[in-house]
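# Overview (structure and organization)
Single-letter residue listing:
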Amino acid sequence: MYCASHWKEFAEHGRTTSLVQFLPSAHVPEHTHPLGEEIFVLDGVFSDESGDYPAGTYLRNPLGSKHATFSKEGCSLFVKLDQFNPLDFKTVCIDTKQQQIQTGIGQLKVLSLHQYKTQGTALVFWPAGEKFQPHRHWGGEEIFVLEGEFKDEYGSYPKGSWLRSPHLSEHFPYVEEDTLIYVKTGHL
Ligand SMILES: [Fe+2]
Ligand SMILES: [Fe+2]
């Protein structure tokens, strides 16, 4: 994938996690994802030849898939490349703003986006004042804070923060304000 941004422009490849910005009218010629591409649209509208994906869309383009991408108005994406299980060939496209979020543990509300063996991706809404139990991350945990501010005993992580907690790490998370996080588990 190519990144069109005011930070820098580069051809992205290999096992990477990145924030990608498409400036208005930016486009990327047809390209193949030999090891898969996972995208969450943070703002704007991202497009390819199959459709338009507004902010809040979750996409999985499996191993060997290809597309040409563009954005008329510009958009920002959270992208993970080459991090698919080699047997996971499912294409996924979910407009999370059109989905019903489910009740999870405690007062948490969870929208599951993808699950394959030990790996899972979900949106989790934390209402103000919610505390989760101390826990250990089997296979690691990665979080991108979409709204509000996520906290644990190590620090505070406002909107736009990215946390990557390795296999067997532990923490005791909580929030003081309404907070929405994008969470990936079991892949590290
Ligand atoms: Fe792509
Ligand atoms: Fe955690």
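Note that the structure is a prediction, hence the values are computed from the model and not measured.

## Side note on the overall build of the protein chain
Of the regular secondary structure elements, the protein chain holds zero helices and 21 strands. In summary, the protein chain has a C-alpha radius of gyration of 17 Å against a globular reference of 16 Å for 188 residues, a match within 12%. In terms of principal-axis extent, the alpha carbons of the protein chain reach across some 45 × 35 × 30 Å. Split into buried and exposed, the 188 residues of the protein chain put 28% on the buried side. Taking as baseline every contact in the protein chain between residues at least 6 positions apart, the subset at least 24 positions apart corresponds to 64%.

## A word on the sheet that holds strand E16 (residues 149–152)
Pairing is antiparallel across the open sheet formed by three strands, whose spatial order is E17-E16-E20. One side of each edge strand has no neighbouring strand; the edge strands of this open sheet are strand E17 (155–158) and strand E20 (174–175). Summarising the sheet, E16 and E20 pair through two bridges and their orientation is antiparallel. Bridging from a neighbouring strand, Lys 151 pairs with Tyr 174 of E20.

## Here's the deal with the domain arrangement of the protein chain
By a widespread convention, an interface's size corresponds to the accessible area lost as its parts come together. Per the domain assignment, the segments of the protein chain are domain 1 (2–95) and domain 2 (100–185). The centre of domain 1, based on its C-alpha atoms, is set 23 Å off from the matching centre of domain 2. In this assembly, eight residues from domain 1 lie in contact with seven residues from domain 2. Sorting the residues of the side of domain 1 that touches domain 2 by element identifies strand E7 (57–61) and strand E10 (92–95) as the ones contributing at least two each. Per-class residue counts for the side of domain 1 that touches domain 2 are five nonpolar, one polar and two charged.

## Overview of the pairing of E16
Each regular strand carries side chains that alternate between the two faces of the sheet. Inspection of the sheet shows E16 paired to E17 by four bridges, in the antiparallel sense. Residue Asp 152 lies in a different strand from E17, and its bridge partner there is Gly 155. What sits between the antiparallel neighbours E16 and E17 is a turn of two residues.

## Focus: the sheet that holds strand E13 (residues 119–126)
In space, the six strands of this open sheet follow the order E11-E12-E13-E21-E15-E18, with antiparallel pairing throughout. This sheet does not close on itself; its edge strands, each paired only once, are strand E11 (102–103) and strand E18 (162–165). Alignment of E13 against strand E21 (residues 179–185), held across seven bridges, turns out to be antiparallel. Of the residues in E21, the one forming a bridge with Thr 121 is Lys 184.

## Looking at the environment of Phe 172
With respect to the element layout, Phe 172 can be found in the loop between strand E19 (170–171) and E20. Separated by 41 residues in sequence, Phe 172 and Lys 131 have C-alpha atoms that sit 7.9 Å apart. Phe 172 has contacts with Pro 134, Asp 152 and Glu 153, leaving out every residue within four places of it along the chain.

## Quick look at the nonpolar core
Within the largest apolar cluster, 29 residues are counted, with the highest numbers of intra-cluster contacts made by Phe 40, Val 41, Leu 77, Leu 123, Val 145, Ile 181 and Tyr 182. For this core, the elements supplying multiple residues, two or more each, are strand E3 (16–22), strand E5 (37–48), E7, strand E9 (75–81), E13, strand E15 (141–147) and E21. Counting residues domain by domain, this core receives three or more from each of domain 1 (2–95) and domain 2 (100–185).

So, how was this worked out
Residues numbered from 1 in each chain as written. Chains lettered and ligands numbered in written order. Predicted model: local features only at pLDDT ≥ 70, side-chain atom pairs only at ≥ 80, totals over all residues. Helix = DSSP H or I, 4+ residues; strand = E, 2+ residues; numbered from the N terminus. Rg over C-alpha atoms; globule rule 2.2 N^0.38 Å. Buried ≥ 20, exposed ≤ 12 C-beta atoms within 10 Å, placed from the backbone. Contact = placed C-beta atoms within 7 Å. Pairing = 2+ DSSP bridges. Domains from an automatic or database assignment. Nonpolar A, V, L, I, M, F, W, Y, C, P; charged D, E, K, R; others polar. Core = buried A, V, L, I, M, F, W, Y, C linked by C-beta atoms within 7 Å.

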